[in-house]
Amino acid sequence: MEKLIQTYSGEGKLIFADNEAAAVNYSIAEFQNFVPDGMGGQLPTTQDRRGRVSHAEGHPDWHPIMSLHPGPLTLVLSDGRKLKVILTTSQGSVQGTGDFF
């Protein structure tokens, strides 16, 4: 079972491996995963972060070459926090690879 615990959205930037950056709009959902504790309750396990990024200006789809090199990329949120993400579709779906840093 998973439970939505937080959403993040705003304007940020996506930093590629060559340190080039693209201005993006982002919407990231943070989920807490749970497993049964054997006594009728639930125990928290891992957290999962996934969502969408789109170009702040221009065409919303990413270049097809991104399917060959989907990341990890660094998403910088408007508050300065960073999240490593992998681009999972050319329409901008992303999956977080860890925690914010």
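These remarks concern the structure in this document. Just so it is clear, the model here is predicted, and its values are computed rather than measured.

This next bit is on the pairing of strand β1 (residues 2–15). Here β1 runs beside strand β2 (residues 21–36); their pairing, made up of 13 bridges, is antiparallel. Bridge assignment links G10 to a residue of β2, and that residue is Y26. Counting the residues that bridge the hairpin from β1 to β2 gives 5 residues, and of these N19 lies at a positive phi of roughly 70°. Two elements, β1 and strand β4 (residues 73–76), share 3 bridges in a ladder whose sense is antiparallel.

This part is about the pattern of salt bridges. In this structure the tally under the stated criterion is 5 salt bridges. The salt bridge involving E30 is made with R49; its shortest N-O contact spans 2.7 Å. Of this pair, E30 sits in strand β2 while R49 sits in strand β3 (residues 42–55), and the two are 19 residues apart along the sequence. Judged by relative accessible area, which is 5%, R49 ranks as buried. For R50, the salt bridge identified is with D48, shortest N-O distance 2.1 Å. Connected through shared salt-bridge partners, E2, D48 and R50 make up one network.

About the cut-offs
Residues numbered from 1 in each chain as written. Predicted model: local features only at pLDDT ≥ 70, side-chain atom pairs only at ≥ 80, totals over all residues. Heavy atoms only, no water. Pairing = 2+ DSSP bridges. Helix = DSSP H or I, 4+ residues; strand = E, 2+ residues; numbered from the N terminus. Salt bridge = Lys/Arg side-chain N within 4 Å of Asp/Glu carboxyl O. Buried < 20%, exposed > 50% of the residue type's maximum accessible area, 1.4 Å probe, protein only.

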